[in-house]
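Below, each chain spelled out in residue letters.
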Amino acid sequence: MFDRPLPSFIDLAIVGSGPQALTLVTHILQKRQKFRNRFIVLDPSGTWLEQWRHQFRAQEIPHLRSPAVHHPDPDPYSLRRFAENRSMELFPPYDLPGTQLFEDFCGEVVKKWELTDRVYPGKVSQVLPIQWSQKPRFQIVLTDGSSLIARRVVLATGAAVPNIPQWVEEIRTPYPPSSLCHSQQLDLRLIKALSGEDIVIVGGGLTSAHLAMGALKRGAMVTLVVRRQLRERLFDAEPGWLGPKYLKDFEAEDCWYSRWEMIKQARDGGSVTPALMLQLRRAARQGKLRILENTEILGALWEDEQWRVRLNGEVSLMFNRIWLGTGTQFNAHQDNLLADVLRIYPTEIINGLPVLDSNLRLPGSQCFVMGGLAALILGPVARNLSGGRMAGDRLVKAIIKPSLTTGFPEGLRNGVS
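Presented here is a report on the structure given in the accompanying data block. Predicted model, so just to flag it, every value in this text is computed and none were measured.

Before going further, it helps to spend a moment on the overall build of the protein chain. Along its length, the protein chain carries twelve helices and 21 strands. In terms of C-alpha radius of gyration, the protein chain reaches 22 Å, essentially the compact-globule figure of 22 Å for 417 residues. Put simply, the protein chain has 417 residues, and 53% of those count as buried. Sequence separation of 24 or more characterises 69% of the internal contacts of the protein chain that already satisfy a separation of 6 or more. Total accessible area on the protein chain is roughly 19300 Å²; 50% of this is exposed by carbon and sulfur atoms. Here the protein chain contributes 50 positive and 42 negative side-chain charges, whose respective centroids are spaced 4 Å apart.

The geometry of helix α2 (residues 50–58) relative to helix α4 (residues 99–112) is characterised by a closest axis approach of 11 Å and an angle of 165° between their N-to-C directions. Looking at the two axes, α2 sits roughly antiparallel to α4. Like other packed secondary-structure pairs, α2 and α4 cross with a definite hand, here left-handed. Only Thr99, Phe102 and Glu103 of α4 make contact with α2, whose side of the interface consists of Trp52, Arg53, Phe56 and Arg57. Considered class by class, the residues forming the contact of α2 with α4 number three nonpolar, one polar and three charged.

Here the focus is the layout of surface pockets. Any empty space left between atoms is shown by rolling a water-sized probe over those atoms. Here the second largest pocket defines a volume of roughly 260 Å³. Along its surface, the second largest pocket is lined by 17 residues, and Glu60, Pro62, His210, Met213 and Leu276 are the ones closest to its centre. Going through the elements one at a time, α6 (206–217) and α9 (274–285) are the ones with two or more residues in the lining of the second largest pocket. Considering every element that reaches the lining of the second largest pocket, the biggest residue donor is α6, with five residues.

Taken together, the five strands give an open sheet; going across it, the order is β10-β17-β11-β12-β13, and neighbouring strands pair in parallel fashion. Strands with a single pairing partner mark the edges of an open sheet, and in this sheet they are β10 (180–182) and β13 (289–292). The average angle at which neighbouring strand axes cross in this sheet is 20°, direction not considered. Two elements, strand β12 (residues 221–225) and β13, share four bridges in a ladder whose sense is parallel. Looking at the pairing, Val225 lines up with Leu292 of β13. Its contacts with the sheet place α6 against β11 (198–202), β12, β13 and β17 (321–324), and it is angled at close to 170° to β11. The sheet strands contacting α9 are β12 and β13, and the helix crosses β13 at an angle near 110°.

Along any regular strand the residues' side chains alternate between the sheet's two faces. The element strand β8 (residues 147–155) is extensively covered by neighbouring structure, given that seven of its nine residues are classed as buried. Bridging between strand β1 (residues 9–15) and β8 involves six bridges; their strand directions are parallel. Its bridge partner lying in β8, Leu12 is registered against Arg152. Inspection of the sheet shows strand β7 (residues 135–142) paired to β8 by four bridges, in the antiparallel sense. Looking at the pairing, Val141 lines up with Ser147 of β8. The antiparallel hairpin formed by β7 and β8 contains four residues in its connecting segment, where Gly145 sits at a positive phi of about 95°. Of the pairings in the sheet, the one linking β8 to strand β21 (residues 367–369) comprises three bridges and is parallel in character. Bridging from a neighbouring strand, Val154 pairs with Phe368 of β21.

A few words now on the pattern of salt bridges. Per the counting criterion, the structure on display carries 25 salt bridges. Notably, a salt bridge pairs Glu50 with Arg53, separated by 2.8 Å at the nearest N-O pair. Separated by three residues within a single helix, Glu50 and Arg53 lie in helix α2, roughly one turn from each other. The class for Glu50 is partly exposed, based on a relative accessible area of 33%. In this structure Arg53 comes out as buried when scored by relative accessible area, which is 17%. Each of Asp11, Arg38, Arg151 and Arg152 takes part in a single network of salt bridges with overlapping partners.

With that settled, the discussion passes to empty space enclosed by the protein. By the definition in use, this model includes one cavity of 30 Å³ or more. In this structure, the largest cavity spans a volume of roughly 60 Å³. Taken together, Leu155, Thr157, Gly158, Ala159, Phe330, Asp335, Val369, Met370, Gly372 and Leu373 make up the lining of the largest cavity. Partitioning the lining of the largest cavity into residue classes produces six nonpolar, three polar and one charged.

Over its twelve residues, α9 runs 16 Å from end to end, which matches the ideal 16 Å to within 8%, given 1.5 Å per residue. For α9, the full list of buried residues reads Leu276, Met277, Leu280 and Ala283. Along the long axis of α9, the arc covered by the buried residues comes to 125°, so they all point the same way. More than 90 degrees from the buried face of α9, the exposed residues found are Leu278 and Arg285. Looking at the buried positions of α9, the neighbouring elements they touch are α6, β12 and β13. Count one or two residues on from α9 and you reach Gly287, which has phi positive near 80°.

Before going further, it helps to examine the nonpolar core. In summary, soluble globular proteins display a tendency toward joint burial of nonpolar side chains. The biggest cluster of nonpolar side chains holds 90 residues, and the ones touching the most others in it are Leu42, Trp48, Ile140 and Val154. It is helix α12 (residues 385–400) that provides the largest number of residues to this core, a total of eight residues. The residues contacting Ile140, other than those within four sequence positions of it, are Ala13, Leu42, Val124, Gln126, Val127, Ser146, Ser147, Leu148, Ala150 and Val153. Formed by 25 residues, the second largest nonpolar core is a distinct cluster that contains Leu194, Ile199, Ala220 and Leu230.

The rules we used
Residues numbered from 1 in each chain as written. Predicted model: local features only at pLDDT ≥ 70, side-chain atom pairs only at ≥ 80, totals over all residues. Heavy atoms only, no water. Helix = DSSP H or I, 4+ residues; strand = E, 2+ residues; numbered from the N terminus. Rg over C-alpha atoms; globule rule 2.2 N^0.38 Å. Buried < 20%, exposed > 50% of the residue type's maximum accessible area, 1.4 Å probe, protein only. Contact = heavy atoms within 4.5 Å. Areas by Shrake-Rupley, 256 points an atom, 1.4 Å probe, with all protein chains shown as cover. Lys, Arg positive; Asp, Glu negative; His and termini not counted. Charge placed at Lys NZ, Arg CZ, Asp CG, Glu CD. Axes fitted to C-alpha atoms, helices over the stretch in contact; angles between N-to-C directions. Parallel < 35°, antiparallel > 145°, perpendicular 65-115°, else oblique. Left-handed = near helix turned anticlockwise from the far one by under 90°. Nonpolar A, V, L, I, M, F, W, Y, C, P; charged D, E, K, R; others polar. 1 Å grid on protein atoms, 1.4 Å probe; cavity = no way out; pocket = protein on both sides within 12 Å on 5 of 7 lines; lining within 4 Å. Points joined across faces, edges and corners; volume = space filled by probe spheres on them. Pairing = 2+ DSSP bridges. Salt bridge = Lys/Arg side-chain N within 4 Å of Asp/Glu carboxyl O. Expected span 1.5 Å × (residues − 1). Arc of directions from axis to C-beta. Core = buried A, V, L, I, M, F, W, Y, C linked by side-chain atoms within 4.5 Å.

Right, here's the structure in full:
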């Protein structure tokens, strides 16, 4: 726990304490140990990885989708060494770390880099560009009314907006909130039994699969509704996006809209790992799970204490609960912490993604962005653990060498080519 008062001024404020923020801090300290007292990490939890921990436990996710070389420590092999006596917690085929193993390892990383007390327990409500001593600075305002001045700020909140289908917005009948939930609202640990209930889960990605297994474990009959064929894929984006195989062409593309299309095609909606697909197909053969592929929900009506769900093909089915595994999207326009920064530093937004400079700054500013919002520069894995390392490489150079320009990569232009 942070054991000092909130400073009035800091060189670098990092908003968020998830895996990407931890990756950034360890990489900064690897390059510049003397930078230790020049940054602060701000998160409501006052600790590292709390949001990540909650998400994995709430959805009962047994292991990560990224191989063991992807983690917050600068040494890519340190997780494998940490797991030497816990090899059963590395899942095939590429040593995917178990959730508890990864959490324990990150705890060791925090201790190794002496970061236990570096997260200040505060929720940031505003990031205000100001002039301070005639120099551009940021006022970081917390929800309790306190604030500090920062020379530079990194937004590493992982902020994403839930994708809510249009038919949900069109529901006019009142219904119990617990009967229709997005995956971000669900915590399977709080649901003890679902025996006798029919649940429809919307979406064909990994989250939907985890929720389906959680509901089946609690005795529910589950229907999985997928807009297209349920697709099996080990990773959410091809490994070629981690290096020059695909990134070379991506970085050579000088049209932002084309880059956005490349990102969309690379992630290509949701997919399920082979191991989970095996479990889903087994449950379907046992009659516990119904998979409706190439199917869309057209509308839903709450009547007689249950949902009447209308599907394409003029089919209506009855369910007790609707769970949305429809994913999230990154949208700079809907990120409250970016609102004031974008007003002072106007930035082109391409379908929700900001056009950052090569060091992941809003052009002309000292406001850096990590995570999914940096995808136009980093590519489709920007939101992943590997994206955190890629972002960290760029940010560290700019942070420890602040003389670097804030310009765009040469040859890059706006608009459609």
